[in-house]
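Okay, here's what each chain looks like letter by letter:
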There are 2 protein chains.
Amino acid sequence: MATMTAGQRREKARVEYDAFIRACPTNQLLDRLSDKWVSLVVAALSGGPMRYSDLSRKIAGVSPKMLTQTLRALERDGILSRTVTPSVPVRVDYELTELGASLACLLTAVKTWAETHIEEVHEARERYDAEADVS
Amino acid sequence: MATMTAGQRREKARVEYDAFIRACPTNQLLDRLSDKWVSLVVAALSGGPMRYSDLSRKIAGVSPKMLTQTLRALERDGILSRTVTPSVPVRVDYELTELGASLACLLTAVKTWAETHIEEVHEARERYDAEADVS
DNA sequence: CTGAATCCTGGGCGATACTG
DNA sequence: CAGTATCGCCCAGGATTCAG
C-alpha cells in the first residue's frame, strides 16, 4: 500500500526521534539522573568512599541486583571507581572520581533549586487540586 | 516466627525509605526530570508558547495520551500554563510560567555539563568495555 | 562479603477508537 | 482541534538462591 496509517507514521517518527534523542548528550545524562538509585548512590558517595555493604545499608531498601547494576553503570561511565582488596573476606570500595564529583555539583544545583522552589510547586498543586474540586 | 527474612526486612526499610524520599524536594524534582517527555516539553516551550498540535508535531513520536499526561502534570506543578480560547475549533495554548522558565535554566545547566563532559564519559566507557573484552 | 543467575509480577506506556 | 477511554504488551525491577 502506498500510504501509512497514522500509527505507522508516528512509529516511524518515533524510531528516528529515539535515535536522535539517544545521540543527544543532554538526554544521555538525563537518563542517568532519571534512575532513582543513581542520585542516591552519588549522594551517598559524595561524603567519601564506601563499601558495598555500607551502601546497601545507607540506601535502605535497595535490592542487591539494583545496587550492583547502578554501581556498574556508574563505574562504566567513569563516575566512580571500584577498588577490590583481595583479603578474606573480599573488600570492595567505591569512590567518586573527579568526574563524579563534578556531577555531584550538578546534583547540588538541582537540590538548591528544589529547596528554593518546592514551596511554589506545592502551592501550585494545591491551587490546581482546589479548582478540580469545584468542577 | 520471631525473625523476618532478609526480604521482609528490606521491604520494611524500603517502605520507610520511600516515605522519606517522597518527602524530599530534591527527589520530587528528580522524579519530574526523570520523565522522558518532561524535558522535551519544557525544551520545546522554552522557545515560546505552543499549541497542543504544535507540540505533538515538534515532539515526534509522542502519543496523545503521554503528551496530555505530561502537560497536565506540569500544569499542576505550576511549570506551565494552559490557556483555552473557546473559538471554533477550540484553541489551546501552553506556555512556560516564570517558575517553568527557572526550571528551564536548570535544564540548560544540565545541558552544559553534558556537552562539556560527554567526551570523558565516552572515553571511560570505551576503556571499561575494552577491559571487559580482555577478560 | 560481594556479587551473579534466575524467575516472576505490576504497571507504565503505546496503539486505537471515540467525543465535544 | 484537543483531548478521553480502553486494552494489551512488555520489561524494569524485586525476590530468591547460589557461587567465589
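All of these numbers come straight from a predicted model, not from anything done at the bench. Per chain, residues are indexed from 1 in the order of the written sequence. To label them, take the chains in the order written and letter them from A, then take the ligands in the order written and number them from 1. The predicted origin of the model limits local features to residues at a pLDDT of at least 70 and limits the giving and counting of side-chain atom pairs to 80 or more, whereas totals for whole chains, interfaces and linings rest on all residues. To obtain the side-chain values, all non-hydrogen atoms of the structure were included, while hydrogens and water were left out.

**A short note on the overall build of chain A**
Within chain A, the regular secondary structure consists of six helices and three strands. Put simply, chain A runs from its N terminus to its C terminus through helices and strands in the order α-α-α-β-α-α-β-β-α. Since a compact globule built from 135 residues should have a radius of gyration of about 14 Å, the 21 Å found for chain A marks it as more spread out than a globular shape. Along the three orthogonal principal directions, the C-alpha set of chain A runs to about 65 × 50 × 25 Å. Buried means the residue's accessible area, taken with a 1.4 Å probe over protein chains only, is under 20% of the maximum for its type, while exposed means over 50%, and partly exposed covers the values in between. The buried share among the 135 residues of chain A stands at 37%. Should any heavy atoms of two residues lie within 4.5 Å, those residues are counted as being in contact. Counted over contacts in chain A with a minimum sequence separation of 6, partners at least 24 positions apart contribute 43%. Areas reported as accessible are Shrake-Rupley estimates using a 1.4 Å probe. Residue values count occlusion only from the protein chains shown. Total accessible area on chain A is roughly 7800 Å²; 56% of this is exposed by carbon and sulfur atoms. Seen as two clouds, the 18 positive and the 19 negative side-chain charges of chain A have centres 9 Å apart. For helices the rule is a DSSP run of H or I covering at least 4 residues; for strands it is a run of E covering at least 2, with both sets numbered from the N terminus onward. We take the radius of gyration over the C-alpha atoms and set the globule estimate at 2.2 Å times the residue count to the 0.38 power. Note on charges: Lys and Arg go in the positive column, Asp and Glu in the negative column, and His and the chain ends are not counted at all. By convention, the point assigned to a charge is CZ for Arg, NZ for Lys, CD for Glu and CG for Asp.

**What about the interface of chain B and chain A?**
On the chain A side, the residues contacting the 49 residues of chain B number 50 residues. Summed over both sides, the interface of chain B with chain A buries roughly 4400 Å², with 67% coming from carbon and sulfur. Looking at the side of chain B facing chain A, the largest losses of area belong to Arg76, Trp113 and Tyr128 of chain B, adding up to 16% of the total buried there. Here a salt bridge means any side-chain nitrogen of Lys or Arg lying within 4 Å of a carboxyl oxygen belonging to Asp or Glu. Counting across the chain B and chain A interface gives six salt bridges. One salt bridge connects Asp18 of chain A with Lys36 of chain B, and the closest N-O pair in it is separated by 3.6 Å. Polar contact is defined as a pair of N or O atoms within 3.5 Å, subject to the rule that within protein one atom must be able to donate a hydrogen and the other to accept it, and that residues adjacent in sequence are counted only when both atoms are side-chain atoms. Counting every contact that joins chain B to chain A gives 10 residue pairs in polar contact (both at pLDDT 80 or more). At the level of secondary structure, the elements contributing two or more residues to the side of chain B that touches chain A comprise α1 (6–23), α2 (25–34), α3 (36–45), α5 (64–76) and α6 (98–134) of chain B. In terms of residues, the side of chain B that touches chain A owes the most to one element, α6 of chain B, which gives 19 residues. Its residues assigned to classes, the side of chain B that touches chain A shows 24 nonpolar, 11 polar and 14 charged. The quantity reported as buried area is the accessible area (1.4 Å probe) lost by two parts once they are put together, taken as the sum for both. Following the grouping adopted for this structure description, the nonpolar residues are Ala, Val, Leu, Ile, Met, Phe, Trp, Tyr, Cys and Pro, the charged ones are Asp, Glu, Lys and Arg, and the polar ones are all others, Gly among them.

**Quick word on the packing of aromatic side chains**
All names here are of chain A. Ring pairs shown here join Phe, Tyr and Trp side chains whose ring centres sit within 6.5 Å, with only the six-membered ring taken for Trp; geometry is labelled stacked below 30 degrees between planes, edge-to-face above 60, and tilted in between. Overall, the coordinates contain two aromatic pairs over all chains when judged by the stated rule. Consider the rings of Tyr17 and Phe20, whose centres lie 5.8 Å apart with planes at 40 degrees: the pair is tilted. With Tyr17 and Phe20 both in helix α1 (residues 6–23) and three residues apart, the pair spans about one turn of that helix. Since its relative accessible area comes to 53%, Phe20 is described here as exposed.

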